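# Commentary on secondary and tertiary structure
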Amino acid sequence: MAEDTTDLNAVELATELTIAWLGNPNTRSSAEDVPAFLGKMHETVSMLLGGTTDTTPVETATEYTPAVTARKSLASKDHIISMIDGKSYKTLRRHLATHGMTPAEYRERYGLKPDYPMVAENYSESRRAMAKKIGLGRKPGARKPEAAPAAPRKRKSDTAGAE
């Protein structure tokens, strides 16, 4: 009987708190938010009153469906198509960051191999060529091999004395 009154008190308190929350003019909420708020409020009040709640949320693994297949996402050398939104990008790192993901999480979410590229092949090649052109990657003292010194040219005076 004591548990029933505690549960009843928890429901009444949760209801009153929810009504007060909804009555506040600074609170903006939609109709979909009210049941979730009421449930959370009931759970919290029950816990505070000493009742035990066995409503542990069960985490369900959400299955993400890719916008394109892995094969199609790598079909072009000029861009990679994102599996999140189906748009093409030269590099996926910034796009993934806007979605709060790392490349490893992206690969795990869509079941991709660890060597799945994050940068388009042609873009990577152009960046490599530019870096090589400006000298990145060389050791500080290393220089380009210079051309072999040209043989000294003969002067007219050198050939005239040989006669």
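As shown above, the structure is provided for reference.
We now turn to the structure provided with this report. (Residues numbered from 1 in each chain as written. Predicted model: local features only at pLDDT ≥ 70, side-chain atom pairs only at ≥ 80, totals over all residues. Heavy atoms only, no water.)

### Focus on the overall build of the chain
When you go through the chain residue by residue, the secondary structure sums to seven helices and two strands. Helices (α) and strands (β) of the chain occur, in sequence order from the N terminus, as α-α-α-β-β-α-α-α-α. Counting only residues that meet the buried cut, the chain has 15% of its 163 residues in that class. Taking contacts inside the chain between residues at least 6 apart in sequence as the whole, the part at least 24 apart equals 43%. (Helix = DSSP H or I, 4+ residues; strand = E, 2+ residues; numbered from the N terminus. Buried < 20%, exposed > 50% of the residue type's maximum accessible area, 1.4 Å probe, protein only. Contact = heavy atoms within 4.5 Å.)

### Considering the packing of aromatic side chains
One pass over the full model with this rule turns up two aromatic pairs. Centroid distance tyrosine 106 to tyrosine 110: 5.4 Å. Interplanar angle 65°. Geometry classified as edge-to-face. Classification of tyrosine 110 as buried rests on a relative accessible area of 14%. Ring geometry for tyrosine 106 against tyrosine 116: centres 6.4 Å apart, planes inclined by 50°, an arrangement best described as tilted. With tyrosine 106 in helix α5 (residues 103–109) and tyrosine 116 in the loop between α5 and α6 (121–134), the pair connects residues that are 10 residues apart, well separated along the chain. For the pair formed by tyrosine 106 and tyrosine 116, the shared burial category is buried. Linked through ring pairs, Tyr106, Tyr110 and Tyr116 together constitute an aromatic cluster. Positioned over the ring face of tyrosine 64 is arginine 109, at 3.6 Å from the centre of the ring. (Phe/Tyr/Trp six-rings, centres within 6.5 Å; stacked < 30°, edge-to-face > 60°. Lys NZ or Arg CZ within 6 Å of the ring centre and 35° of its normal.)

### Examining the nonpolar core
Within the largest apolar cluster, 13 residues are counted, with the highest numbers of intra-cluster contacts made by Met83, Leu92, Leu96, Tyr106, Leu112, Tyr116 and Met118. Residue contacts for methionine 83: discarding those within four places in its chain leaves Thr65, Pro66, Ala67, Val68, Thr69, Ala70, Ser73, Tyr106, Tyr110, Leu112 and Tyr116. (Core = buried A, V, L, I, M, F, W, Y, C linked by side-chain atoms within 4.5 Å.)

### A few points about α6
The end-to-end C-alpha distance of α6 is 20 Å, a good match for the 20 Å that 14 residues give at a rise of 1.5 Å each. Once α6 finishes, glycine 135 follows within two positions and takes phi at roughly 95°, a positive value. (Expected span 1.5 Å × (residues − 1).)

### Focus on the side chain of arginine 107
Tracing the backbone shows arginine 107 in helix α5. Of the buried charged residues, arginine 107 lacks a salt bridge, with aspartate 115 as the closest side chain of opposite charge at 6.9 Å. Every residue in contact with arginine 107, bar those within four places of it in the chain, is listed here: Leu112, Lys113, Pro114, Tyr116, Pro117 and Met118. (Lys, Arg positive; Asp, Glu negative; His and termini not counted. Salt bridge = Lys/Arg side-chain N within 4 Å of Asp/Glu carboxyl O.)

### Notes on the pattern of salt bridges
Scanning the model with the defined rule gives two salt bridges in all. Of the charged contacts in the structure, one is a salt bridge between glutamate 121 and lysine 77, with a shortest N-O distance of 3.9 Å. Highlighted residues: glutamate 121 in helix α6 and lysine 77 in the loop between α3 (70–73) and β1 (80–81), separated in sequence by 44 residues. Take lysine 77: its relative accessible area is 48%, and that puts it in the partly exposed class. A salt bridge links glutamate 125 to arginine 128, with the shortest nitrogen-to-oxygen separation between them at 3.0 Å. Of this pair, glutamate 125 and arginine 128 both sit in helix α6, three residues apart, which is roughly one turn of the helix. You can call glutamate 125 partly exposed: its relative accessible area is 40%.

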